[in-house]
Structures are given as structure tokens and as C-alpha cells.
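# Structural features, examined
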Amino acid sequence: MGTRLRVGLLLAAVCMALASCSPANHEGTGSKLVYGLTLAPSGLDPHIDVSSELGIPLNSVYDTLVFRSHSGEYLPMLAETWSISDDGLRYEFRLRQGIRFHDGTPFDATAVKRTLDRIADPESGSRRAVTLLGPYVSSSVRDEHTLVVELSQPFAPLLDSFSQVYLAPASPATLDKWGAEYQFHQVGTGPFKLSEYLPKDHVTLVRYDEYVRIPGTYERDVLPEVTEVEFRFLVEPAVRLPALESGDADVVGEIPPQDASRIEQDDEIELVPVAIPGLPLVGFLNTQAAPTDDIRVRQALLLATDRAQIVQTVFGGYSPVATGALSRNHADYAPTAGHSAPSADIAGAAALLDEAGWRLGNNGMRSREGTPLRLRAYVMGWGMVPEVGQLLQAQWKGLGVELQMEEVTFAAALAAVAANEHNLIFWSEPGTDADLLTSFFHSGRLGQRNWSRAASPDLDAALDAAREASDRGARRELYARAQHLIMDQALIIPIRDYVNLNGVRACVGELAFDSRGWFPNLNDLDLTSSCR
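Residues numbered from 1 in each chain as written. Predicted model: local features only at pLDDT ≥ 70, side-chain atom pairs only at ≥ 80, totals over all residues. Heavy atoms only, no water.

## Regarding the layout of surface pockets
As a volume, the second largest pocket reaches approximately 490 Å³. Around the second largest pocket, the lining is made up of 26 residues, and of these Ala-156, Pro-157, Ala-469, Ser-470 and Arg-475 lie nearest the centre. Elements with a minimum of two residues in the lining of the second largest pocket: α5 (158-162) and α16 (472-488). Its residues assigned to classes, the lining of the second largest pocket shows 11 nonpolar, 6 polar and 9 charged. (1 Å grid on protein atoms, 1.4 Å probe; cavity = no way out; pocket = protein on both sides within 12 Å on 5 of 7 lines; lining within 4 Å. Points joined across faces, edges and corners; volume = space filled by probe spheres on them. Helix = DSSP H or I, 4+ residues; strand = E, 2+ residues; numbered from the N terminus. Nonpolar A, V, L, I, M, F, W, Y, C, P; charged D, E, K, R; others polar.)

Here you go:
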């Protein structure tokens, strides 16, 4: 649900024959939409900050060089064409003409270079965008509408990176004017303009009436009826459904599963589940801190986890049970690489712990040479993770394992990981290119997001080779091998494939999302009636 095919070959052919396309026509008299966000990010700058939540509004503020379709194709957007050198070290982008930023300045190769330079500058402190550039060396302006990107080694995910809002071109004039305050004054070329950002309160977008629709991307060839979108931060899960029921919000994501069944009985609100490709919700097991530094302990914990019970109890059965390091709906998911048994194997888990010397005592708990089998978990408050942790506590206690949990902020979790204080930490990451596995499992990312502290030469080799391979089939085989190694080494406990439960009021027409499943396509949004 919540997706649309983007076709229109005739229009695309007509537009591509021209130097540029004309601004989209108006439709309707205009209306306001209120969209509930479930996380207040620490920052809203796509080039600097890391949250996926920021892309929900900003995906409509910016266009990207490349557009990724739902079929996985990379199509022209701000770049009309591109070529890649035989050695994979040089990308040349021919940019679309006739496009202007919201501040009226022209979009050109200098603007793209300025954006990339900003991201690559260590002084900027980019936390996500810079990783998407991979082995980026530099960019140069060949002419007004031609940009050349140089790499130090081949990097197959680069086109996918350029299809993401985190690398979207920004207006150099606005970057220069506002500097460190740019997040409050962002300027792109997308169908909506940033009007106001008040941290922890709201983000307001207004329709950009001079938007130039780019063929093959959005379905509509007219401007949407919505003229203003206010994104409000509804951080507490308990307030999300009431906001929909009262009409204070028209769209809200991450509806708690216990509220989803109520929505299904409500004629005025539609439940729109959207499966998110990428890293499922998993628990990373630390391979460099006792007792999870012993693979037998990690394997035992994996066997002792009744994932089917967790998914049914916590997520109401709305999510599939995860089996490995990639979700089932990911293009590179390897079905043979996962832990397919969703229920627990307590006998098998107990045998492994006995082999490792952890004996069951009269108190029902395990110890070795007087040391209790005790794990430390840091959990963050998003995505029902505390509830998952509580069930794991109960399940593992039945095996004689004590799980101590501390609910912390993202920053505190990172600090604990950096200090190697954790045995278990949970995370989920959307992503359409399997290179996201490199971020979490390559030894070169120790001290960053390699939270299992994996240091496997075989795993590194598979991930490195997949990054450089230009052949799609070869990449898929290499990522399958990486998934096998991740599960063979018991680096993670897969919990659930992420499904975002969206509540949508009846005044909103079909709500379409991008190919990553997380960001709404506001340009394609219709209203069946005025929402307010």
C-alpha cells in the first residue's frame, strides 16, 4: 500500500526533447495538511545530520541528481545523463537546464560542487551524507552544466547515494548567507519550500508554485492541491491516534500497533502499512565484551529468542519476523542466509551455554567460576524497542541469563558503545543499497556504527568487493556471502522487518511514498476534501 508507479512515457519523451520542462500547472484552490512526525531530530540539515525523520519533510524541499524508481531503476532527475569511466573512478553528470532554486538563483554545476564540498569538509561535521560519498576525492566544474566527480576507488553505490536527500544540491547563495544557521533557511529545487523550522515543535513547508516537474519522477504533471504542510512533532506514541481522531493531524506515521486495530474499525481513518527495505530491527551483540565475545554465547542467545512471540506481542503481527541482516523486501535479501526458525530452541541454547562453561545454579541463573551470566543492554525509546527488551529479559531469564537494561538517549547510547560498555544494542536502518551492511559490519567502521565490533577478514573482503563490483549479479552474490557470515558469526539477533504503520484521515487521497518507503511524495498527494 501507499506506493504508485511513476510512468508517463509520452510526457517524458516530450520533455526530454526540450532543454527543460515548463512549470507545473495549478490544480484546486489550495489547502493545508498537518503531518505528524514521531521523532524530533537533533538537527534538520540533510548534509550534516543523520536522522531518517528529517527526510520526511525535506524530500519535498529538494530534488536529487538521480531518481530511484520503485522497480530499482536509476532515472534522470537534476542530472539528465551521466557516464562512468571504465575504471569506475570518474562520474560525469550532465545537468538539467532551466532549473532554479527557491531563492531564484540558477541550478548549475557550481551549486552541486558547492554542496559536495560542504559535505566532504571535515569542519562541517557531516555524520551521514559524507558516508554516502564513499571514497570521494573531489568534484570539478567542466562547464556550467557538467560536473565531474572523482573517486579514489570504484564505488558501485554512488548512484544510489545521489538519489538520496542527504546529497541533494542546495543554493550556494543561501549556504553562504546563513552558514551554520542553514538548517533554518534551507533552499532546494523541490516542489515545496521550507517556510519555518522550530526545533521540537514544527516544520512548515509551502508549495513552490514555480516548480519544474521533471519527467519520470512524480506522477502528477500539475501542482498538488496542498499549498501548506505543517509537520508537527508527536514524539509520544500515546498522542498519535488521538491527534488523528480529533483532526489535529491528517497523517501520522509509526502508529503504535495496539492502535492500528482501532484504526481498521474507523471509517474516517485509513491504516497504510509501508514495508521499509534495509536493515531490520536487530540487536547487535558485542563481540569484544564478555560474555558475548564467546560465539557460543551469541549463538545461544539467538536460539533462545522467540522472535515470533516478540513480533506478535509487541508489534501485533503487523510486521514480518526478521531472519537476517536485510529485510525480506530488500533486493539483495538472501533467504538461505538467515535464522529462519522464528521460535526459540531452549534445549539447543542451553547445550551451547553448558559447553561454554556457564552452568545453571539452584537459583535458576547461570554462572561460571562465580561470575553470573549477565548482559548489559542500552535501549532507546523509539520503535517499541524498550518493549522488545522487556520480552527478551523474560525469555532469556528462562535460560538462566540475566539481561540488565538501561533506556538512554541516542547520544548516551553512542557514548556507551564508544566505551565498549554494551553487550546488546538495537537499531534499524532503511536503505535500498546493501552497502549499508558496510556501515554496520566492516572492521573499518569500528568506533562508528560497527556496534557488534565485528572484525572478520572474510566479511570485510566480501563487503569491499561488493562496493567495487560493477556487475549487479556479482554484487548480489557478494552480499549474500556477507549475510551468511553475519549470521554464522551470530553478530545480530534479527527481530522484525520494519513496517511503518501510517494513519491517514479520509480527507487525504492516496498517500504515496518513495522507493525507500519512508518519505512521502507530497507532490503526488491529492485531497478528497478540505482537511481543515
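## Section: the environment of Ser-69
Counting through the fold element by element, Ser-69 comes out in the loop between β2 (66-68) and β3 (74-76). Here the alpha-carbon distance between Ser-69 and Gly-216, two residues 147 residues apart in the chain, equals 8.8 Å. Among residues more than four places away in sequence, those in contact with Ser-69 are Leu-75 and Ser-515. Polar side-chain contacts of Ser-69 include one of 2.8 Å to the side chain of Ser-71. (Contact = heavy atoms within 4.5 Å. Polar contact = N/O pair within 3.5 Å; in protein donor to acceptor, adjacent residues only side chain to side chain.)

## Section: the sheet that holds strand β14 (residues 359-360)
Taken in spatial order, the 3 strands make up an open sheet running β14-β15-β16, and their pairing is antiparallel. The sheet is open, and its two borders are formed by β14 and β16 (371-372), each paired with just one other strand. Relative to β16, strand β15 (residues 366-368) runs antiparallel, the two sharing 2 bridges. Its bridge partner being in β16, Ser-367 is matched across the sheet by Pro-372. (Pairing = 2+ DSSP bridges.)

## Quick word on the packing of helix α15 (residues 457-468) against α16
Between α15 and α16, the shortest axis-to-axis distance is 9 Å and the interhelical angle comes to 155 degrees. Considering the angle they form, α15 stands roughly antiparallel to α16. Where α15 crosses over α16, the two elements pack in a sense that is left-handed. Two secondary-structure elements touch here, α15 through Asp-458, Leu-459, Ala-462, Leu-463, Ala-465, Ala-466 and Arg-467 and α16 through Arg-475, Leu-478, Tyr-479, Arg-481, Ala-482, Leu-485 and Ile-486. Each residue belonging to the contact of α15 with α16 can be placed in one class, and the counts come to 10 nonpolar, no polar and 4 charged. (Axes fitted to C-alpha atoms, helices over the stretch in contact; angles between N-to-C directions. Parallel < 35°, antiparallel > 145°, perpendicular 65-115°, else oblique. Left-handed = near helix turned anticlockwise from the far one by under 90°.)

## Observations concerning the packing of helix α10 (residues 307-315) against helix α12 (residues 385-397)
In the contact formed by α10 and α12, the axes pass within 10 Å of each other and the chain directions differ by 140 degrees. Accordingly, the angle class assigned to the pair α10 and α12 is oblique. By crossing handedness, the relation of α10 to α12 is classed as right-handed. Contacts from Gln-309, Ile-310, Thr-313, Val-314 and Phe-315 of α10 reach α12 at Glu-387, Val-388, Leu-391, Leu-392 and Gln-395. Across the contact of α10 with α12, the residue classes break down as 6 nonpolar, 3 polar and 1 charged.

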